[in-house]
Amino acid sequence: MSSDRLTVCRAAHPLRGELTVPGDKSISHRVALLGALARGSMQVRNYLCSEDCLNTLRAMEQLGARVCRDDEAHPENFCLHGTAMQPVAPARPIDCGNSGTGMRLMAGLLAALPFSCRLFGDESLCARPMKRIIDPLALMGAQIRACGAKPGCAPLEIDGTRLQPICYELPMASAQVKSAVLLAGMLTQGTTTVRQPALTRDHTERLFEHFGIPCSVSPDGLEIAVCGPAMPVARDITIPADISSAAFWLVAASIVPGSELCLRRVGLNPTRDAIIRVLRRMGADIRISNRSDSGEPYGDLTVRYAPLHGTEVTREEIPNLIDEIPVLAIAAAFAEGRTAIRNAAELRVKESDRIATTVGNLRAMGGQAEEYDDGMVITGGAPLRGTTLDSYGDHRIAMGFLMAGLAAEGDTTLLRCRNINTSYPGFADHLRALTD
Ligand code: S3P
C-alpha cells in the first residue's frame, strides 16, 4: 500500500466472493524464531510477508539463518535453513519495526544467547511496555536494559548470558510474555514453568511440539513447562490464514446487506476463535467447512449478512479476541442494543490506545460509545456517518474503521494507515476487489 490514506464509501452492492487472507502473524513470528535456531532446513509455506514478520525474518538472517526463495512470485513460501543453535552475533542493531510480538519474543531468545545486541523499533513500539518481559527474564538472570526515552521502553540492550530456570506466575494474560519466558526456558538448563491467569494463544506450545521441544501443558492449559536446553528440529510447516485479518471481512459481510463471503483456510485455533463465537452470539451467520484439525486447526468460513444484536463479552473471552476488539466494536455499532467489552485494559498498550482510539472514532462517526478504564460500552443501531478519521498509525484501527465506512453514510477516510502493511499486505487490493 503506497498511500497513507484510504477512502471508502457505503458499499454500492453486497460484498460477494472468495478471499484468502494472508498467513497468521503470531505463528509466522514464532516459525521464524524457532526455525532460525533449528537443526536442518524446512519448507515454510504461507509465511506472512508483512512488515512485522519480515523484520523478524531479517533479524533471524542477521543471526545466521538463511532464507532461500525459488519463486519470487510467492515470497510467502521459502526454505529456512537453521543455525543448529549456533547463531552469530548480529553485526547491526535489530529493527523490530512496529512489532511488540517480534521484540518481546526475540528478547526472550537473545537473553539466553552468548552475545550482545540492541533491539529498536518505531515510535509506537518505543512507547510500549517492555518491563513485563524484562522482569521475568531478569529473574532468570537476563541482562536487559530498557534505554528508551520512556521508562521501561525500547530500545533494548541485551547482554546474552546463561540463564536459570524459573517458575513464573504471569501478572497479566499475555501470550507474548508467556512466550518470551518459554523461549528463554528452551535455551536454559532445567525446567522453566509459566502459569497464566487465563488462556492465551498457544502457538508457542504447539510449535514446541511441532519442532520436538520437550514441553508439557497442564490439563486446564494454564501451566506450561519447557525442559531445556533443547534444539528445535526443522520440520516443514504450512501457516494458516490469519483469523485476525479474516475478522475484518466477517464483520464487513455481517453489516453490508446481502453479502456473502467465503474465507479460505482460516486458522481456527481454539485460543483464537472467540471472534467467531461472539459474532455468532450477536446473530452473525458464519459457517465452517473443510475443517482440518492437525497441528494448527483451520477451515473455510462462509459469512452471510445477518442483523446483529448486542452482547456482553466475558472476561475469559477477552485474551482470545484481544486483537479483534476494534472491529468487534464496529459490529457492535451496527448491532441493535448494548454491547459491553470490559476487562480489556490491555487494549491501552497496543499499537495505539485502542480503547481511546476506537471510542473516539466511533463517536466521530456519530456512534454511541462510552469509554471505561478497562473497555467500552457501545449502544448500536443508529446509522453511522462517514468522516475523516485518524488511524493513529494502528493497522487494526485503520482496517476496522474502513469496514465501518462500508456500511456508513457518505465517505469515510482513514489517515495514517500505512501500517496496514504490518499485518495485512494486500488489504487495499482485497477491499477494491470486493467493492468495485
Ligand atoms: C500476540 C499476543 C497478543 C496480541 C498480539 C500478538 C502474540 O499480545 O495482542 O497481537 O503473537 O503472542 P499480548 O501477549 O501482549 O496480549
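Remember, it's a predicted structure, so these values are computed and weren't measured experimentally.

A. Representation of the overall build of the protein chain in the model. Counting secondary structure elements, the protein chain contains 13 helices and 23 strands. Taking 22 Å as the expected radius of gyration for a compact globule of 436 residues, we find that the protein chain reaches 21 Å, a close match to that expectation. The long-range fraction of contacts in the protein chain, counting pairs at least 24 apart against all pairs at least 6 apart in sequence, stands at 76%. Counting only carbon and sulfur atoms, one obtains 49% of the accessible surface of the protein chain, whose full area is about 16100 Å². Averaging the locations of the 45 positively and 49 negatively charged side chains of the protein chain gives two centres separated by 1 Å.

B. Local environment of the domain arrangement of the protein chain. By domain assignment, the protein chain separates into domain 1 (5-22 + 240-435) and domain 2 (25-238). Here the C-alpha centroids of domain 1 and domain 2 sit 28 Å apart. Contact with domain 1, which involves 25 residues of that partner, is made by 25 residues of domain 2. Counting the surface lost from both domain 1 and domain 2, the interface buries some 2100 Å², and carbon and sulfur atoms represent 46% of this. The salt bridge involving glutamate 346 is made with arginine 132; its shortest N-O contact spans 2.9 Å. Our count for the domain 1 to domain 2 interface comes out at 12 residue pairs in polar contact (both at pLDDT 80 or more). Taken together, the residues of the side of domain 1 that touches domain 2 sort by class into 9 nonpolar, 8 polar and 8 charged.

C. Spotlight on the sheet that holds strand β17 (residues 298-304). An order of β2-β15-β17-β16 is seen for the 4 strands of this open sheet, with the pairing classed as mixed. Each edge of the sheet is formed by a strand with only one pairing partner; in this case those strands are β2 (16-19) and β16 (285-292). If you compare each strand with its neighbour and ignore which way they point, the axes differ by 15 degrees on average. Judged from the 6 bridges that link them, strand β15 (residues 260-267) and β17 form a sheet pairing that is antiparallel. Pairing of valine 266 across the sheet is with glycine 299, part of β17. Helix-sheet contacts for helix α7 (residues 243-255) involve β2, β15, β16 and β17, and the interaxial angle to β15 is about 165 degrees. Packing of helix α8 (residues 274-281) onto the sheet brings it into contact with β16 and β17, and relative to β16 it is tilted by some 150 degrees.

D. Here's a closer look at the site of the ligand. Around the ligand, a shell composed of Ser26, Arg30, Thr101, Ser174, Ala175, Gln176, Arg201, Ile322, Asp323 and Lys350 is seen. Separating an oxygen atom of the ligand from a side-chain N or O atom of serine 26 is a distance of 2.7 Å. Between serine 174 and the ligand, the recorded distance is 2.8 Å, taken from a side-chain N or O atom to an oxygen atom. Taking 380 Å² as the accessible area of the ligand by itself, protein coverage stands at 94%. In this structure, the ligand is accommodated by the largest pocket. Of all the secondary structure elements, the ones that give two or more residues to the shell around the ligand are α1 (25-37) and α5 (175-186). Split by residue class, the shell around the ligand holds 2 nonpolar, 4 polar and 4 charged.

E. How the structure looks around the nonpolar core. Among the nonpolar cores identified, the biggest contains 76 residues, and Trp249, Leu279, Met403 and Phe427 are the most heavily contacted of them. Here tryptophan 249 is in contact with Leu19, Val21, Leu261, Leu263, Val303, Met403, Tyr424, Phe427, His430, Leu431 and Leu434, once residues within four sequence places are set aside. Residues Leu33, Ala59, Leu63 and Ala230 belong to the second largest nonpolar core, which totals 70 residues.

F. Fine view of the layout of surface pockets. Considering only enclosed or pocket space, the largest pocket measures out at about 690 Å³ in volume. Together, 36 residues line the largest pocket, and Ala173, Ser174, Ile322, Glu346 and Lys350 are the ones closest to its centre. Every element with two or more residues in the lining of the largest pocket is listed here: α1, α3 (100-110), α5 and α9 (317-320). Classifying every residue of the lining of the largest pocket gives 10 nonpolar, 9 polar and 17 charged. A domain-level breakdown of the lining of the largest pocket finds at least three residues from each of domain 1 (5-22 + 240-435) and domain 2 (25-238).

G. Focus on α7. The first and last C-alpha atoms of α7 sit 18 Å apart over 13 residues, in line with the 18 Å expected at 1.5 Å per residue. Of all the 13 residues making up α7, 13 are buried; the element is thus mostly covered by neighbouring parts of the structure. The distance from a side-chain oxygen at the start of α7 to the backbone nitrogen of serine 244 is 2.8 Å, and the residue carrying that oxygen is aspartate 242.

H. A look at unusual backbone geometry. A cis geometry characterises the amide bond from alanine 154 onward to proline 155, with omega recorded as 5 degrees. Among the secondary structure elements, proline 155 is positioned in the loop between β8 (143-146) and β9 (156-159). Residue glycine 228 is joined to proline 229 through a cis peptide bond whose omega torsion reads -5 degrees. Of note, alanine 84 is a non-glycine position whose phi angle comes to about 50 degrees, a positive value. Along the chain, alanine 84 falls in the loop between β5 (78-81) and β6 (94-95). A relative accessible area of 27% means that alanine 84 is categorised as partly exposed. The backbone phi angle of arginine 416 is positive, close to 55 degrees, even though this residue is not glycine.

I. The arrangement of empty space enclosed by the protein in detail. Under the counting rule described, the total for this entry stands at 2 cavities of 30 Å³ or more. Put simply, the largest cavity is a space of about 50 Å³. For the lining of the largest cavity, the class distribution of residues is 6 nonpolar, 3 polar and 3 charged. Taken as a whole, the second largest cavity encloses approximately 40 Å³ of empty space. Ala333, Gly366, Gly367, Gln368, Ile378, Thr379, Gly380, Gly381, Ala382 and Leu384 are the residues that line the second largest cavity. Examining the composition of the lining of the second largest cavity, we find that 3 residues originate from one element, strand β21 (residues 375-380), more than from any other.

Reading the values: rules and limits
- Residues numbered from 1 in each chain as written.
- Predicted model: local features only at pLDDT ≥ 70, side-chain atom pairs only at ≥ 80, totals over all residues.
- Heavy atoms only, no water.
- Helix = DSSP H or I, 4+ residues; strand = E, 2+ residues; numbered from the N terminus.
- Rg over C-alpha atoms; globule rule 2.2 N^0.38 Å.
- Contact = heavy atoms within 4.5 Å.
- Areas by Shrake-Rupley, 256 points an atom, 1.4 Å probe, with all protein chains shown as cover.
- Lys, Arg positive; Asp, Glu negative; His and termini not counted.
- Charge placed at Lys NZ, Arg CZ, Asp CG, Glu CD.
- Domains from an automatic or database assignment.
- Buried area = accessible area lost by both parts, 1.4 Å probe.
- Salt bridge = Lys/Arg side-chain N within 4 Å of Asp/Glu carboxyl O.
- Polar contact = N/O pair within 3.5 Å; in protein donor to acceptor, adjacent residues only side chain to side chain.
- Nonpolar A, V, L, I, M, F, W, Y, C, P; charged D, E, K, R; others polar.
- Pairing = 2+ DSSP bridges.
- Axes fitted to C-alpha atoms, helices over the stretch in contact; angles between N-to-C directions.
- Near = heavy atom within 4 Å.
- 1 Å grid on protein atoms, 1.4 Å probe; cavity = no way out; pocket = protein on both sides within 12 Å on 5 of 7 lines; lining within 4 Å.
- Sits in = over half its atoms within 2 Å of the grid points.
- Core = buried A, V, L, I, M, F, W, Y, C linked by side-chain atoms within 4.5 Å.
- Buried < 20%, exposed > 50% of the residue type's maximum accessible area, 1.4 Å probe, protein only.
- Points joined across faces, edges and corners; volume = space filled by probe spheres on them.
- Expected span 1.5 Å × (residues − 1).

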